[in-house]
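# Inside the fold
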Amino acid sequence: MAHIAKTQKEYYHLDTRKALSEHLFQNRENGFSHAPFEREMAFYESVRSGSLETVKTLFTPLGGDGFGTLSHDPLRNLKYHLVVSIAMVTRFCINGGMTPEEAYSLSDVFIQATDLCGSAHEINQVHYNMAIEFTKRMRQIRSGHVYSKTVMRMLDYISDHLHEKIRTQDLADFVSCTVPYISRLFHNEIGVPIGQYIMQKKIEAAANMLQFSDYTALEISSYLHFSSQSYFIKQFKKIIGITPREYRSRYHAVGWLHVMDDVSEKSG
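The paragraphs below set out a description of the structure included in this document. (Residues numbered from 1 in each chain as written. Predicted model: local features only at pLDDT ≥ 70, side-chain atom pairs only at ≥ 80, totals over all residues. Heavy atoms only, no water.)

Helix H7 (residues 120-143) packs onto helix H5 (residues 74-95) with a crossing angle of 5 degrees between their chain directions and a minimal axis gap of 10 Å. Considering their axes alone, H5 and H7 lie roughly parallel with respect to each other. Judged by residue contacts, Leu75, Leu78, Lys79, Leu82, Ser85, Ile86, Val89, Thr90 and Cys93 of H5 engage Ala120, Ile123, Val126, His127, Met130, Phe134 and Met138 from H7. In terms of residue class, the contact of H5 with H7 is built from 12 nonpolar, 3 polar and 1 charged. (Axes fitted to C-alpha atoms, helices over the stretch in contact; angles between N-to-C directions. Helix = DSSP H or I, 4+ residues; strand = E, 2+ residues; numbered from the N terminus. Parallel < 35°, antiparallel > 145°, perpendicular 65-115°, else oblique. Contact = heavy atoms within 4.5 Å. Nonpolar A, V, L, I, M, F, W, Y, C, P; charged D, E, K, R; others polar.)

Structure, rendered in structure tokens:
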């Protein structure tokens, strides 16, 4: 008990300047650097904007390279990082239009779930579920519409299968409706045909990969199931305004918020 009391006393009288200096020195000695600020802000901004495809592209499990040490207990360290992430997402979403009551209530739910986690796998599952839940709610808020349950299921299906060839019949089978019915319903609620929406989301995902990964345009084209690289380049230029090569050269890992503004203006 005496040892604990002494440790607590030392903590309360922490010399911040000395502790910070030692921490920075250790980071330099160990070659440690935090995750890029641009990518972290891009993740939170994508949640705020309701861009589910972007969130999935940028999502990074906790505890990897670039994550600082908040506790020397591995499990508690991950929990602390998750609480920080939840707090950041909550405030970004309030700034994006979510009511504080809803945002803070969601935050409480996920922090309580974090507290009950007993493994790194459980913590990362809560992290992923938290990001997706906030993003879906922001997607609804930003659209200004209340989508039907059928359309919401279709949007989620498209988001989960962008790396595949998505046929309208696949969507119809998934929601147990006919193709003509879902085509009319989707166009009425979303404002564009199903095929156009799918292409828009594939190109947005491609832009994310060009900016935040080292995959080639050919690899991205194949991953997103385009029929050919030339067709991918044609569609990319049509929607984004420049070729994939030009996009990577201009935006690779820089200026994310400005890029999102440019894309929004072109697709608006």
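Before going further, it helps to spend a moment on the nonpolar core. Ile158, Leu171, Ile203, Phe232, Phe236 and Tyr247 are the most contacted members of the largest nonpolar core, which totals 36 residues. Every element with two or more residues in this core is listed here: helix H8 (149-160), helix H9 (168-175), helix H10 (179-190), helix H11 (194-212), helix H12 (217-223), helix H13 (229-240) and helix H14 (244-251). Ranked by residues supplied to this core, first place goes to H11 with 10 residues. Counting 28 residues, the second-largest nonpolar core is a separate cluster that includes Phe43, Leu62, Ile123 and Val126. (Core = buried A, V, L, I, M, F, W, Y, C linked by side-chain atoms within 4.5 Å. Buried < 20%, exposed > 50% of the residue type's maximum accessible area, 1.4 Å probe, protein only.)

On to the packing of aromatic side chains. Within a pair of aromatic rings, the relevant descriptors are the distance that separates the centres and the angle that separates the planes. Enumeration over the complete set of coordinates arrives at 12 aromatic pairs. Pairwise contacts between aromatic rings join Phe226, Tyr231, Phe232, Phe236, Tyr247 and Tyr251 into one cluster. A cation sits over an aromatic face here: Arg153 above Phe174, 4.6 Å from the ring centre. (Phe/Tyr/Trp six-rings, centres within 6.5 Å; stacked < 30°, edge-to-face > 60°. Lys NZ or Arg CZ within 6 Å of the ring centre and 35° of its normal.)

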